[in-house]
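Geometric and topological summary
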Amino acid sequence: MKFGKEFKREMVPEWIEAYVDYNGLKQILQDIRRSKESKQPPTPARSLDQRLALYRNFSGLNLQSSTQNTGDIEDQVIAVNTVQHENSGKFYITKFLGSPEGAENEISFFNKLDHEFNKVNTFYKDKVDEVMREVTLLNKQMDALIALRIKVMDPGFDAFGSLQRLSFDINNSTPSRITSPLRMTTVDTDHMTVGTSFDPSYSRQGSSTNASHPKVPINRNTLREKRDIDSHKSDPLEILDHIKIVNTFESPMSTIRGVLRESKENDLSYKKEELKKVEQRLKIIFFEFYQKLRLLKHFSYMNLSALAKILKKYEKITSRKAARSYMKMVDKSYLGSSEEVTSLLDRVETTFIKHFSHSNRRKGMKILRPKHKIEKHRITFLSGFLSGCSIALLVAFILLRDDRKLMDKEEGTSYLDKIVPLYSFYAYIVLHMLLYAANIYFWRRYKINYAFIFGFKQGTELSYREVFLLSNGLAMLVFAALLMHLHMNSRAEEYVTRIEYVPLGLMTVLLFITFCPFNIIYRSSRLFLIRCIFRCICAPLYKVTLPDFFLADQLTSQVEAIRSLEYYICYYTWVKSSHGHNTCQSHNVYNIFYFILAVIPYWFRFFQCIRRLFEEKDQAQAYNALRYFLTILAVVIKTAYSLRKSLTWEVLAILSSLVTTLFNTYWDIVVDWGLLRRKSKNKFLRDKLVLRHKSVYFIAMVLDVLLRFAWLQLVLKFNVPSLQGSTVSSIFACLEVLRRGMWNFFRLENEHLNNVGKYRAFKSVPLPFVYHEEDDEDKEE
């Protein structure tokens, strides 16, 4: 594989703009090659003095310049200048030493190379500084955790005396007692190990080969000062008097308590359950912090490799020596010489293994470094096999229906109208799954980090092949059951007591697979789905995350599938022994719930918007809540119109439906997709686009407007004489599912680009402890 493709594949999607523009530099080298072949004068480039002037104008501050010493390197064609910025650190500018005549493209190459390297170096330094600030916070959190562990596990433990003995051991240079990177306390009881918080000043030099007992360089003056300070320290458990537990409102009870107390912090209760929750949250924080460190290290390595590769190509094309001089400067820069990330990686591993995996290195590293999911060929084979079976069964069903002329007989049509709703539920689900598989394919193709956006655990996310396999497997079961149902109906005398249980048996199999507790059929994904559905049902009582409201949006497009579940209940309660037509519709209770079920998904989204409005204080959530409230109102008015056939209710139903449709269409295109921007670089779109062809976005907008009528049909029935029974509503329901599938791609694309714009590649996990002093300082500010 060529390096350019590998480099692009290994990029962090959210940091893609911070990487070296390898392809852009390669394009300039191709221009140099063509220029040498044709010997035509290329376009002019900026000189060194012009670039220095640009830096001065950009910064608005005084810059100090110094020339990088190239040493004894002979035949060098460049000289690297270091430009010192008073606030932002160093910039590097390369001066071309060869003749400028005929070398304008080479000067342009080094201009761009300098720009890309300065961009990468600055970004890396900023991210490392951010990491070091996080280290300070984690230090304080670990101090609080250590004290809480001592208090909960052994309240009578003499922590102060142990700390003094540990201090004595350090002062006497016994590094074997130091088991963590930070200014750690190591306390061992029968069932408890306490210690460790990060020390940013730790150096990797002199570290032991044993990961559990690293050697730390000892500074006698520092230790003497530390001993004097430690002698005046109070009991370390006093830290518990200055902290509170942060209430994240992750459960109904915590939400209710938070509303009643009107506070986001709770006093410590010193219970084991409380300690367990704190440890679990810190475990997630350490995991996310470790992934950030790993990506930073990989970011540094890939960019250094890209610089070396492109300079090697330059030397090959121009036959000039420039790589040694430039790479010498790169090695001395922050990007090439910084060791903070590598040191912190070692420290995080040691801390995590000791305090969150009971000193079991294999277990700890398995959590910190989960394995990537391996694509298996049997998944592709089974997907093709099941899809072939599904198509064959569908053809068999159509042929059997035509052979028995069920559509030509009134009795046959009545029978199909009665049993098809039992199976239409699966048709909507299968269609939705197929579209989700297509979405995953295109998300991966265009490097949209859907796994991060949805919060999937690494190594457990489903690929498009696996979703395609599940959808084809379900489709095969449905068509097989439907074909069996028709076959048994032709011999009603033999199967009179069993024929009605075929759809019920299929539903039982589906529910069993969904809620199966065994580790089969992608258990982690099934549990994730169940958890999200439960959080949607309890929307006001749980903190709303993106997977929650994304799933609730999917439910709003599955109204007909939800109504099919009501038909299941009605069919096996009232219609089982009846052979009449539309028996369910003759019951008032069924008709009332028929419309109530259509409102429920919108209520989920309404409550989610209200919850986010109070938590995030985002005014946009108020408008979003209003949008779903108007949708609910439109459905209620349609219900009243269906019960009272009058001109007034008909006019109200039409107006409310049109207003809701227009509001929802505007929200889809402008808010969810981020399109139709007035001052965009791409006319009527947005500044950043994932797809190359802009026409796709315009086509999607037009289709969204047209397919919104699928929702409108749920409120106003369109009667088409050529279509019989519930075929019209089924067609429009499928169109709504198709619209939702298209909406999913552009919605996640917009979310991904927002993350890219903010370089947001990690989840924000709230810290478990808050210090009173921090609250006081915030109030004073």
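Residues numbered from 1 in each chain as written. Predicted model: local features only at pLDDT ≥ 70, side-chain atom pairs only at ≥ 80, totals over all residues. Heavy atoms only, no water.

Let us look at the overall build of the protein chain. Helices and strands together make up the secondary structure of the protein chain, namely 26 helices and eight strands. Classification of the 781 residues of the protein chain by burial places 46% in the buried group. Considering only contacts within the protein chain whose residues lie at least 6 apart along the sequence, 72% involve residues at least 24 apart. Only carbon and sulfur atoms are counted for the fraction: they give 57% of the accessible area of the protein chain, which is about 42,000 Å². (Helix = DSSP H or I, 4+ residues; strand = E, 2+ residues; numbered from the N terminus. Buried < 20%, exposed > 50% of the residue type's maximum accessible area, 1.4 Å probe, protein only. Contact = heavy atoms within 4.5 Å. Areas by Shrake-Rupley, 256 points an atom, 1.4 Å probe, with all protein chains shown as cover.)

Moving on, we get to the side chain of Asn755. Following the sequence through the fold, Asn755 ends up in helix 25 (residues 727-757). Excluding residues within four positions of it along the chain, Asn755 makes contact with Glu14, Phe452, Ile453 and Arg760.

The first and last C-alpha atoms of helix 23 (residues 647-672) sit 36 Å apart over 26 residues, in line with the 38 Å expected at 1.5 Å per residue. Following helix 23 by one or two positions, Gly674 adopts a phi angle in the positive range, close to 70°. (Expected span 1.5 Å × (residues − 1).)

Here the focus is a nonpolar patch on the surface. Together, Trp574, Val589, Ile592, Phe593 and Ile596 make up an exposed nonpolar region whose accessible area comes to about 450 Å². If one sorts the elements of the nonpolar patch by residue count, helix 21 (residues 588-616) sits on top with four residues. Tracing the backbone shows Val589 in helix 21. On the basis of relative accessibility, which here comes to 46%, the residue Val589 falls in the partly exposed class. (Patch = residues over 30% accessible without salt bridge, like charges linked within 9 Å, V, L, I, M, F, W, Y side chains within 5 Å. Salt bridge = Lys/Arg side-chain N within 4 Å of Asp/Glu carboxyl O.)

Once that is clear, we can look at the packing of aromatic side chains. By the definition in use, this model includes 43 aromatic pairs. Here the aromatic rings of Phe454 and Phe456 are separated by 5.4 Å at their centres, their planes lie at 45°, and the arrangement is tilted. Since its relative accessible area comes to 6%, Phe454 is described here as buried. On the numbers, 5.1 Å between centres and 75° between planes, the contact of Phe456 with Phe528 is edge-to-face. Placement of the pair is Phe456 in the loop between helix 15 (450-454) and helix 16 (464-490) and Phe528 in helix 18 (residues 523-537), with a sequence separation of 72 residues. Through successive ring pairs, a cluster of aromatic residues spans Phe3, Phe7, Trp15, Tyr19, Tyr22, Phe123, Tyr124, Phe299, Tyr334, Tyr759 and Phe762. Lys151 extends its terminal NZ or CZ atom over the ring of Tyr270, reaching a point 5.4 Å from the ring centre. (Phe/Tyr/Trp six-rings, centres within 6.5 Å; stacked < 30°, edge-to-face > 60°. Lys NZ or Arg CZ within 6 Å of the ring centre and 35° of its normal.)

A cluster of like positive charges, contributed by Lys2, Lys5, Arg33, Lys309, Lys312, Lys313 and Lys316, occupies part of the molecular surface. In terms of residue count, helix 8 (residues 272-318) provides more of the positive patch than any other element does, four residues in total. Tracing the chain through its elements places Lys316 in helix 8. (Lys, Arg positive; Asp, Glu negative; His and termini not counted. Charge placed at Lys NZ, Arg CZ, Asp CG, Glu CD.)

The next subject is unusual backbone geometry. The backbone phi angle of Ser359 is positive, close to 65°, even though this residue is not glycine. Positionally, Ser359 belongs in the loop between helix 11 (340-356) and helix 12 (361-368). At Leu676, a residue that is not glycine, the phi angle is positive and equals roughly 60°. On the accessibility criterion, Leu676 (40% relative accessible area) is partly exposed.

We now examine the pattern of salt bridges. All told, the structure shown has 28 salt bridges when counted by the stated rule. Among the ionic pairs, Arg9 bridges to Glu10, the shortest N-O distance being 3.2 Å. When its relative accessible area of 48% is taken as the criterion, Arg9 is described as partly exposed. Look at Glu10 and you get partly exposed, because its relative accessible area is 28%. Close ionic contact of Glu615 with Lys543 constitutes a salt bridge, the shortest N to O distance being 3.5 Å. On the criterion of sequence distance, the pair formed by Glu615 in helix 21 and Lys543 in the loop between helix 18 and helix 19 (546-556) is long-range, its members being 72 residues apart.

Orientation of helix 8 relative to helix 12, taken along the N-to-C sense of each, is 70°, at an axis distance of 10 Å. Taken together, the axes of helix 8 and helix 12 lie roughly perpendicular to each other. Of the residues in helix 12, those touching helix 8 at Lys283, Phe287, Tyr290, Gln291 and Arg294 are Met365, Ile367 and Leu368. Residue composition of the contact of helix 8 with helix 12, grouped by class: five nonpolar, one polar and two charged. (Axes fitted to C-alpha atoms, helices over the stretch in contact; angles between N-to-C directions. Parallel < 35°, antiparallel > 145°, perpendicular 65-115°, else oblique. Nonpolar A, V, L, I, M, F, W, Y, C, P; charged D, E, K, R; others polar.)

Moving on, we get to the packing of helix 4 (residues 104-153) against helix 9 (residues 323-332). The interhelical angle for the contact between helix 4 and helix 9, taken along N-to-C directions, is 15°, at an axis separation of 12 Å. The orientation of helix 4 with respect to helix 9, classified from their angle, is roughly parallel. Both helix 4 and helix 9 take part in a crossing whose hand is right-handed. Across the interface between the two elements, Leu113, Asp114 and Phe117 from helix 4 touch Tyr326, Met329 and Val330 from helix 9. Tallied by class, residues from the contact of helix 4 with helix 9 come to five nonpolar, no polar and one charged. (Left-handed = near helix turned anticlockwise from the far one by under 90°.)

Moving on, we get to helix 13 (residues 377-403). Spanning 27 residues, helix 13 covers 39 Å between terminal C-alpha atoms, matching the ideal 39 Å at 1.5 Å per step. Of all the positions in helix 13, only Ile379, Ser383, Leu386, Ser387, Ser390, Leu393, Phe397 and Leu400 are classed as buried.

Here the focus is the environment of Asp331. Positionally, Asp331 belongs in helix 9. With 27 residues separating them along the chain, Asp331 and Leu304 place their C-alpha atoms 8.9 Å apart.

Turning next to the side chain of Thr660. Mapped onto the secondary structure, Thr660 falls in helix 23. Among the polar contacts listed, one links the side chain of Thr660 to the backbone oxygen of Ser656, at a separation of 2.7 Å. (Polar contact = N/O pair within 3.5 Å; in protein donor to acceptor, adjacent residues only side chain to side chain.)

Moving on: the environment of Glu560. Relative to the assigned elements, Glu560 resides in helix 20 (residues 559-575). Along the backbone, Glu560 and Tyr594 are 34 residues apart, and their C-alpha atoms lie at a distance of 9.6 Å. In this structure the side chain of Glu560 is engaged in a polar contact, spanning 3.1 Å, whose partner is the side chain of Arg563.

In this section: the state of the cysteines. Summed over the entire model, instances satisfying the criterion amount to zero disulfides. Here Cys536 stays unpaired: no disulfide links it, and the sulfur of Cys532, its closest cysteine neighbor, is 6.7 Å away. (Disulfide = S-S within 2.5 Å.)

Reading predicted coordinates in detail is not appropriate for stretches of low pLDDT. In this model, the protein chain carries a mean pLDDT of 78, and residues with pLDDT of at least 70 account for 73%. Per-element mean pLDDT across the protein chain ranges from 36 in strand 4 (residues 187-188) up to 93 in helix 19. Counted against residues more than four places away or in other chains, residues 54-74, with its pLDDT under 50, gives 38 contacts. Across residues 158-233, confidence stays below pLDDT 50; counting only partners more than four residues off in sequence or on other chains, it has 131 contacts. (pLDDT = per-residue confidence, 0-100.)

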